[in-house]
Amino acid sequence: MALKCVLATRRVVAVKAPGVRAVPVRPAVRRAPVKVVAYRDVHREEKICGLGSEVVNAWFKGIKMGPEAARDALRADVDSTVAYSSHQVLRHHKGQGLDYVLQRIAVGHEMMDLMSHRILATAACSLDDTFFALVEYKYKSKVLGDERINVGYSVMEMDVMYDDTCLKVMALAERSSLSPDDVAGLASLDSAHSAGNATHFPEGDLADYPAGLADEALLANSCAWCLARSSGHPESALDSALDPSFRLWDAYGVLPVLCDPDRRGEVDACVVKYDQVQDVIRSTKDRYDLKCKVIDSAVSLTKNVGFTHWFSRAVNKDTKVVSEIEAVEVRAGRQQNTSRTWDENIPQAAAQQIQE
């Protein structure tokens, strides 16, 4: 169930009972909208994060040791009909069932010699039982036969069934950053290695946040982000949500408008400052009719991190060609505003990818 940005207030209608004498009715009083604050179930989120982390660890164990090494753990934690999807820079995959998930793990095992993996941050939303994890992994490419160590990132999103009798992952989506294998056919080995390691997550912005960030604050921030990206709305909608020190990292690192090709490999090679973000959004809306909506949003219980999954529909004003774009954003920030965003864009049509 997707989180909604607008809560409609219920209008109470009074009906006069038959046979009852009408009495004067006091004039209606205009009242301010009622503020609804969702209850955050910390215990539920902890259970979901525990389950999701087990699945993440089993996934990477299978990539390192082979899919059969992950079978038992996944059988215990995921439903037999689990839906799987992966969104990479150039390739997308969809399937269903545990065996299909193990097939995708087998592909990873064949392509990379996994050295290590780390879960950098997790979050769960107790309103719709969605789990997110940001994972860093280090590996050598078996495809390229390259002994150099690459650093990759994945955002894993899971839909969880949680009730009195069940705690299972029902859907798993994997989104990975650009890898050298993605561009090996278009560049030399050295260039492919540099491109695949161009955008490192700004881990220095992560910090322990035992109190957690407010769900309502992150949702309002996410809605402002989508609103500013939608046609007919000003980019200034971001002013109330983003700190002036805001920076955007492009997780794919393949868009020239966002990346400095002379500084690839440095942590801020693909960083975009706040005023530049507004310029990019404005120029994109000049060319496209855009409509953005938030699909899911979750806030970490222990880190200053939130995850937002959004969807955008773009129509080229000249050609009328329609593109659908999704992204998962990882946000590191403070309680009052967000200062960092790391963007995993997921183009449904790779040739028509738009970075807003």
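Note that the structure is a prediction, hence the values are computed from the model and not measured. (Residues numbered from 1 in each chain as written. Predicted model: local features only at pLDDT ≥ 70, side-chain atom pairs only at ≥ 80, totals over all residues. Heavy atoms only, no water.)

Draft legend 1. The arrangement of the packing of aromatic side chains in detail. Summed over the entire model, instances satisfying the criterion amount to 7 aromatic pairs. The interplanar angle of 55° and the centroid separation of 5.9 Å between the aromatic rings of tyrosine 84 and tyrosine 100 together place this pair among those described as tilted. Residue tyrosine 84 is located in strand S1 (residues 78-87), and its partner tyrosine 100 is located in helix H3 (residues 98-111); the two are separated by 16 residues in the primary sequence. Consider the rings of tryptophan 225 and phenylalanine 246, whose centres lie 5.6 Å apart with planes at 50°: the pair is tilted. Of the two residues, tryptophan 225 sits in helix H6 (residues 215-229) while phenylalanine 246 sits in strand S7 (residues 242-250), which places them 21 residues apart along the sequence. Given a relative accessible area of 1%, tryptophan 225 falls into the buried group. The buried category is assigned to phenylalanine 246, whose relative accessible area is 0%. One aromatic cluster is present, formed by Trp59, Tyr84 and Tyr100 through successive ring pairs. (Phe/Tyr/Trp six-rings, centres within 6.5 Å; stacked < 30°, edge-to-face > 60°. Helix = DSSP H or I, 4+ residues; strand = E, 2+ residues; numbered from the N terminus. Buried < 20%, exposed > 50% of the residue type's maximum accessible area, 1.4 Å probe, protein only.)

Draft legend 2. Expanded view of the state of the cysteines. Counted by the stated rule, this structure contains 1 disulfide. Disulfide pairing is shown between cysteine 226 and cysteine 292; the S-S distance is 2.0 Å. Given an S-S torsion of about -40°, the disulfide between cysteine 226 and cysteine 292 has left-handed geometry. With cysteine 226 in helix H6 and cysteine 292 in strand S9 (residues 288-299), this pair connects stretches of sequence that are 66 residues apart. Classification of cysteine 226 as buried rests on a relative accessible area of 3%. By relative accessible area, which is 12% here, cysteine 292 ends up buried. (Disulfide = S-S within 2.5 Å.)

Draft legend 3. Expanded view of the pattern of salt bridges. Going through the model one piece at a time under the given rule, you end up with 14 salt bridges. Note that lysine 303 and aspartate 208 form a salt bridge whose closest N and O atoms lie 2.9 Å from each other. On the criterion of sequence distance, the pair formed by lysine 303 in the loop between S9 and strand S10 (305-316) and aspartate 208 in the loop between helix H5 (189-196) and H6 is long-range, its members being 95 residues apart. Because the salt bridges share partners, they merge into one network encompassing Glu235, Asp279, Arg282 and Lys285. (Salt bridge = Lys/Arg side-chain N within 4 Å of Asp/Glu carboxyl O.)

Draft legend 4. Expanded view of the packing of helix H1 (residues 42-65) against H3. Following both chains from N to C, one finds H1 and H3 inclined at 50°, their axes separated by 7 Å at the closest point. By the angle between their directions, the pair H1 and H3 is classed as oblique. In this structure, H1 meets H3 at a crossing whose hand is right-handed. Here Trp59, Gly62, Ile63, Lys64 and Met65 of H1 come into contact with H3, specifically with Val101, Arg104, Ile105, Gly108 and His109. Grouping the amino acids of the contact of H1 with H3 by side-chain chemistry returns 5 nonpolar, 3 polar and 2 charged. (Axes fitted to C-alpha atoms, helices over the stretch in contact; angles between N-to-C directions. Parallel < 35°, antiparallel > 145°, perpendicular 65-115°, else oblique. Left-handed = near helix turned anticlockwise from the far one by under 90°. Contact = heavy atoms within 4.5 Å. Nonpolar A, V, L, I, M, F, W, Y, C, P; charged D, E, K, R; others polar.)

Draft legend 5. Quick peek at the pairing of S1. Note that S1 and strand S6 (residues 167-176) share 6 bridges and pair parallel. Bridge assignment links serine 86 to a residue of S6, and that residue is glutamate 174. Bridge count for S1 against strand S2 (residues 92-96) is 5 bridges, and the pairing is antiparallel. Looking at the pairing, histidine 87 lines up with histidine 92 of S2. (Pairing = 2+ DSSP bridges.)

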